[in-house]
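Listed below, chain by chain, are the residues.
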Amino acid sequence: MTTLEKDDIQGLLIRGHGNLSSASYLLYTFTDPAKARVFLQEIVPKVTTASEKPEEQALQIALTYEGLAFLKLPPALLNSFCREFKEGMTELQRQFILGDTGENAPQNWTWGEKNIHLMLMVFGKDLEKLESTLSQIKILTASFQVELLHTLPTGMLHARKEHFGFRDDISRPIIRELLKEVPGDTAGTFPAGEFIMGYKNLYDEYAPSPTVPEALDKEGELPHHPDDATLKDLGKNGTYLVFRQMEQKVHAFWQYMQAQSSDKASAIALASKMVGRWPDGSPLTLCPNQPDPNLSEANDFGFWKEDKAGLKCPIGSHIRRTNPRDHLVTENTQKDSTEMAAKHRMIRKGRPYGPPVTPELKPEDMLDSIEDDRERGLHFICMVTDIRRQFEFVQNNWVNFHKFGGLENDADPIIGNHYQHESRKTNEFSIPKYPVRRKLDHLPNFTIIKGGAYFFFPGIRALQYMANHD
Amino acid sequence: MDCNWQTNFFILSKNFYQPMSTVHKGLTITVTLDEEKIPYVNGLLFEYRKDLSIYQEKYHKSLPSTFFISWLTLPAQTYAGKEKLPARIILMSSYVGSKSSHIQELATFLGPQIKQVLSQSREYPKNDLDKPGLVSFLKRKSIPNTFYSGFKFISTTEVDKEKKLKAEVWKYAQGLADQGDPSSPKEVKEKIENFVKNHPQLVWASKKIPYGLSNKVHMLWPLALFGLVMLTSLVSIVLCFFIDPLVIKILACILPLFILVVVFLFLLLRLNENISHEPSPELSDEKVREIVALETNPVINEMTVIAPLKRGWIRRVFLALTLKLVGLVSYFAYIPTVHTARWLQMDKGKRLVFIANFDNLSEAYAHDFVDSERRSMNMAVIFSHAFGFPATRWLVHKQYNHRSNYMKGVRAHQKVTQFWYTCQQDLSVENLKRNRAFRAGLYKEMDDPEIKDWLLTL
Ligand code: HEM
């Protein structure tokens, strides 16, 4: 089996730094290309690689297309990035694909502007450690006139929950090359190329990757591209990082559930139908009637045999849309469904931000909570080698397409953009049941996009190449 | 567009339109065009596209047999590195019922536009055509295609009616559920059926779906005939051992001959596959943007891919045979999320034309072809003959970088469709099929689990 070059891969790609409970994401703009390159030379040795297991702190680095262009990297290199990365998340076509319209349109975002060049992701084992790392970084950035535009603090919540009170980060694609032994049955595992450039993906091809003509790698810092010996592989051991800051309207969420239900238990059951798991994480497919704490991390289930009609876990629920597993309504066989769904996975690395509504995020308590004016949400982060095939496809075709799975007017109940106008209505949620499906209407937006960008999350050698490029 | 055309033409009312069957078909009309006229024709087609957004309702009423129209100019292309294939105007519609009445309908409602555009071609007669003249010109210029429909046997009128039927019944059933009606599945079904029967606007649904059997016969007789000929041949081979008439001998030759031809063609194809693969040049970001900018419809969009074939006559012959065979089995074919699609060859088989009307965006749609092993094999049967598309071995076996070459091939040969009409903009294929499944289940004998499944279509 191929071995991953962990020394060259940034740590976050293969671990979430969960032990480093404090983190901050810092968005910068460069002011001078030469200084920016020297800054990179200084900071690259501090970047945490995948071969380390940091106990105290970690630092990761990502750049936008504008950032790379600002560094005056060669046009051939810049052009070799995929179109969606070059266009950026706020470009019109991308907005359309992502469903970032109305309330979610970029003009309403607090960040996402074109002059964001760089993101530093700083992790600390506690707040104190984080603060001390941040102050070192501050000194470094100031000396190279790298200007801070936005600081995005994060805060882990009780029992790995997200703000609506549901256990998050349960289902994760497993990279085959990271396993000690090659599994006999590869189902549920993924070749590295789905998430790390320079390796083969599910189509048995090398993941698309930015390149540099051989002549432009004078120091010979980069590996050759496996498909074309005249090119150097800038992407090797890197990936794309998709960042979306999503505010969560927690109060509105639970108010809506309450308004549609006779009591607290049915309000919680309704919210669970929308997520596809109970608040403790147990999947509706395995325990449709009530949560089962023994199953709170269960992820070994499918829909084809257990719940084709969606009577347990509605077809339109969040987890069934973002990963239909082995059942796509439009497919005739379980095999085709499984093969198709597998091509659109992502590694999620997000962290919540803002104060929780109640400390333990128990839905029973949240239903009684009083609305405050504090902002809270999720810094959604995912890593993919093909933005269009993986993240955008899911966001467009499964999350926001109101006809997903034979539905009529339903976008994802949790993260979909809900609205109604002449040619489109997306604010319903339907729950299959006997004798007739229940349709909920007028869902407000429970999440609002506040910012976002596409980043390149390079390998260490690629970072060095960029830093040393003249 | 001149608004008088609207009043000048007899408008076929949907209520009077009675198709003779509800089989879906594709009409493809094409004429050559001098290249310098392309911008002018494009201008006209884009103008009509604009009108369409204003007069959608009028189109809908006046084109009762029409589901989709794609109308575009095709620039000249090069075949086998040297031969220039002419620029063309292509008009492609998906319709229900008889070809003749569909052409009449087009000539009646879109006559002025069709004349204005087609008269740019040297193939168009010097003197202006009257309506019968236009109809016969369109018939002459129409070419065969292999057609697929994802929502078979539903007419344009039924699309609307079945949608309303389901919405009304859902409301009624919701009322039952709200009252906490504890009826058994059988009773629920009966109540729904009575509701439909007694509802003046829904009573039509209590009648049987028309043309059920004749539609199937219509679609399947060529396959049945083919099977019969082959079976007769097989039986004749056996009979040859016992009796000696000439007819039996001739019949006995058909099956072996057919197999021999297919094997021979396969061998020749395999030789051709050894010609080194020339990938399509990647389409520039600007060009892709130009294409996707037209894909803004909320539910259904369209894609036209037109590519010259790979060099070698065997490709042309093989593809022609394949398309014929695919046509025979199209009743059984299934392509997810596709409303209608067609494949055809033009310019003596040197060009492959593919159009599809599908749910959501082309990016998502193209994935349907490459993301499953089985389907990418099926696609290779047709697309591997087109220039720039992935190389294969023995027609379906993938070579390296199949997926990325396929995606590149699709984009590289995707054309801008200047004019595109859809009769409805709101229902996905799955919606259409469910609406039909609901209607088809009314008054049908079912046991309790079947009824429960049927109720889920609501
Ligand atoms: C504030 C926004 C969001 C919230 C509150 C949220 C919440 C959740 C929760 C509670 C789960 C179940 C836990 C698990 O299976 O790991 C989940 C799973 C998931 N979410 Fe989200 N999510 C959000 C945004 C997104 C976005 C933007 C995407 C991508 C477009 C996404 C993709 C996924 C995926 C792929 C899964 C795993 C599904 C599975 O494999 O079963 N989520 N999310």
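Residues numbered from 1 in each chain as written. Chains lettered and ligands numbered in written order. Predicted model: local features only at pLDDT ≥ 70, side-chain atom pairs only at ≥ 80, totals over all residues. Heavy atoms only, no water.

**A few points about the interface of chain B and chain A**
Phase 1 of the analysis: Between chain B and chain A, the residue contacts involve 49 residues of the former and 46 residues of the latter.
Phase 2 of the analysis: Here chain B and chain A share an interface that buries about 4,000 Å² over both sides, 53% of which is from carbon and sulfur atoms.
Phase 3 of the analysis: Here chain B is connected to chain A by nine salt bridges.
Phase 4 of the analysis: Note that A:Glu331 is salt-bridged to B:Arg375, the shortest N-O span being 2.6 Å.
Phase 5 of the analysis: Summed over the shared surface of chain B and chain A, the result is 25 residue pairs in polar contact (both at pLDDT 80 or more).
Phase 6 of the analysis: For the side of chain B that touches chain A, the elements supplying multiple residues, two or more each, are α7 (156-178), α8 (185-198), α11 (285-292), α13 (362-370), α14 (373-383), α15 (402-413), α16 (429-441) and α17 (448-455) of chain B. (Contact = heavy atoms within 4.5 Å. Buried area = accessible area lost by both parts, 1.4 Å probe. Salt bridge = Lys/Arg side-chain N within 4 Å of Asp/Glu carboxyl O. Polar contact = N/O pair within 3.5 Å; in protein donor to acceptor, adjacent residues only side chain to side chain. Helix = DSSP H or I, 4+ residues; strand = E, 2+ residues; numbered from the N terminus.)

**Re the environment of B:His413**
Residues and elements named next belong to chain B.
Phase 1 of the analysis: Among the structural elements, His413 can be located in helix α15.
Phase 2 of the analysis: For His413, a relative accessible area of 8% gives the class buried.
Phase 3 of the analysis: Separated by 324 residues in the primary sequence, His413 and Ile89 place their C-alpha atoms 16 Å from one another.
Phase 4 of the analysis: Setting aside residues no more than four positions away along its own chain, His413 makes contact with Gln77, Ser280, Thr304, Val305, Ile306, Ala307, Pro308, Phe387 and Phe389. (Buried < 20%, exposed > 50% of the residue type's maximum accessible area, 1.4 Å probe, protein only.)

**Some remarks on the pattern of salt bridges**
Residues and elements named next belong to chain B.
Phase 1 of the analysis: Applying the stated criterion across every chain, the model contains 58 salt bridges over all chains.
Phase 2 of the analysis: In this structure, Lys50 and Glu47 form a salt bridge, with 3.0 Å as the shortest nitrogen-oxygen distance. Highlighted residues: Lys50 and Glu47, both in helix α2 (residues 38-54), separated by three residues, approximately one helical turn.
Phase 3 of the analysis: Taking the relative accessible area as the measure of exposure, Glu47 reaches 36% and is therefore partly exposed.
Phase 4 of the analysis: Note that Glu162 and Arg439 form a salt bridge whose closest N and O atoms lie 2.6 Å from each other.

**Topic: the domain arrangement of chain B**
Residue and element names in this part refer to chain B.
Phase 1 of the analysis: Structurally, chain B comprises domain 1 (2-153 + 278-422), domain 2 (156-208 + 427-455) and domain 3 (212-272).
Phase 2 of the analysis: Taking only C-alpha atoms into account, the centre of domain 1 sits 36 Å from that of domain 2.
Phase 3 of the analysis: Carbon and sulfur atoms supply 56% of the area that domain 1 and domain 2 bury against each other, a total of about 1,000 Å² over both sides.
Phase 4 of the analysis: Viewed at the interface, domain 2 and domain 1 are joined by zero salt bridges.
Phase 5 of the analysis: Taken together, the links from domain 1 to domain 2 amount to five residue pairs in polar contact (both at pLDDT 80 or more).
Phase 6 of the analysis: Elements with a contribution of two residues or more to the side of domain 1 that touches domain 2: β2 (66-74) and β8 (338-346). (Domains from an automatic or database assignment.)

**As for the sheet that holds strand β13 (residues 419-422) of chain B**
Residues and elements named next belong to chain B.
Phase 1 of the analysis: Across the sheet, which stays open at both edges, the four strands sit in the order β1-β5-β2-β13 with antiparallel pairing between neighbours. The open sheet terminates on both sides in strands that have one partner only, identified here as β1 (24-33) and β13. Across this sheet, the average inter-strand angle for adjacent strands is 10°, counted without regard to direction. (Pairing = 2+ DSSP bridges. Axes fitted to C-alpha atoms, helices over the stretch in contact; angles between N-to-C directions.)

**A short note on unusual backbone geometry**
Phase 1 of the analysis: Across the junction of A:Tyr434 and A:Pro435, the peptide omega takes the value 0°, indicating a cis bond.
Phase 2 of the analysis: Topologically, A:Pro435 is positioned in the loop between β16 (429-431) and β17 (438-440).
Phase 3 of the analysis: The phi angle at A:Ala159 is positive, at roughly 55°, despite the residue not being glycine.
Phase 4 of the analysis: In the Ramachandran plot, B:Tyr211 falls in the positive-phi region, its phi being about 60° despite a non-glycine side chain.
Phase 5 of the analysis: Position of B:Tyr211 among the secondary structure elements: in the loop between α8 and α9 (212-240).

**So, empty space enclosed by the protein**
Phase 1 of the analysis: Applying the stated criterion across every chain, the model contains 13 cavities of 30 Å³ or more.
Phase 2 of the analysis: The space that makes up the largest cavity amounts to roughly 310 Å³.
Phase 3 of the analysis: For the lining of the largest cavity, the secondary structure elements donating two or more residues are α12 (388-400) of chain A together with α13 and α16 of chain B.
Phase 4 of the analysis: Grouping the constituent residues of the lining of the largest cavity by class yields 10 nonpolar, eight polar and six charged. (1 Å grid on protein atoms, 1.4 Å probe; cavity = no way out; pocket = protein on both sides within 12 Å on 5 of 7 lines; lining within 4 Å. Points joined across faces, edges and corners; volume = space filled by probe spheres on them. Nonpolar A, V, L, I, M, F, W, Y, C, P; charged D, E, K, R; others polar.)

**Thoughts on the site of the ligand**
Residues and elements named next belong to chain A.
Phase 1 of the analysis: In the neighbourhood of the ligand, 26 residues make up the surrounding shell, with Ile170, Ser171, His318, Arg325 and Arg348 lying closest.
Phase 2 of the analysis: Between the ligand and Arg348 there is a distance of 2.8 Å, counted from an oxygen atom to a side-chain nitrogen or oxygen.
Phase 3 of the analysis: Breaking the shell around the ligand down by element, the ones donating at least two residues are β10 (239-248), α9 (318-322), β13 (377-384) and α12.
Phase 4 of the analysis: Residue composition of the shell around the ligand, by class: 11 nonpolar, seven polar and eight charged.
Phase 5 of the analysis: Residue-level mapping places the shell around the ligand at the junction of two domains, with at least three residues from each of domain 1 (6-243 + 453-468) and domain 2 (248-344 + 364-379 + 405-449). (Near = heavy atom within 4 Å.)

**Details of the coordination of the iron atom of the ligand**
Phase 1 of the analysis: In this structure the iron atom of the ligand is ligated by exactly one protein donor, A:His318 (NE2), at 2.1 Å.
Phase 2 of the analysis: Structurally, the position occupied by A:His318 is in helix α9. (Donors = N, O, S within 2.8 Å, 3.2 Å for Na, K, Ca; no water.)

**As for the packing of α9(B) against helix α10 (residues 246-273) of chain B**
Residue and element names in this part refer to chain B.
Phase 1 of the analysis: Where α9 contacts α10, the axes come no closer than 7 Å and their chain directions differ by 115°. Handedness of the crossing formed by α9 with α10: left-handed. Between α9 and α10, the contacting residues are Phe226, Val229, Met230, Thr232, Ser233, Leu234, Ser236, Ile237, Leu239 and Cys240 on the first element and Ile248, Lys249, Leu251, Ala252, Cys253, Ile254, Leu255, Pro256 and Phe258 on the second.
Phase 2 of the analysis: Classifying every residue of the contact of α9 with α10 gives 15 nonpolar, three polar and one charged. (Left-handed = near helix turned anticlockwise from the far one by under 90°.)

**Topic: the side chain of B:His339**
All names here are of chain B.
Phase 1 of the analysis: Tracing the sequence through the fold places His339 in strand β8.
Phase 2 of the analysis: His339 gets classed as buried once you look at its relative accessible area, which sits at 0%.
Phase 3 of the analysis: Within the structure, the side chain of His339 is placed 2.7 Å from the side chain of Asp359, a separation counted as a polar contact.
Phase 4 of the analysis: Among the polar contacts listed, one links the side chain of His339 to the backbone nitrogen of Val429, at a separation of 3.4 Å.

**As for the state of the cysteines**
Residues and elements named next belong to chain B.
Phase 1 of the analysis: Scanning all chains against the criterion turns up zero disulfides over all chains.
Phase 2 of the analysis: The structure places no disulfide on Cys240, whose sulfur is separated from the nearest cysteine sulfur, that of Cys253, by 7.5 Å.
Phase 3 of the analysis: By relative accessible area, Cys240 is classed as partly exposed at 30%. (Disulfide = S-S within 2.5 Å.)

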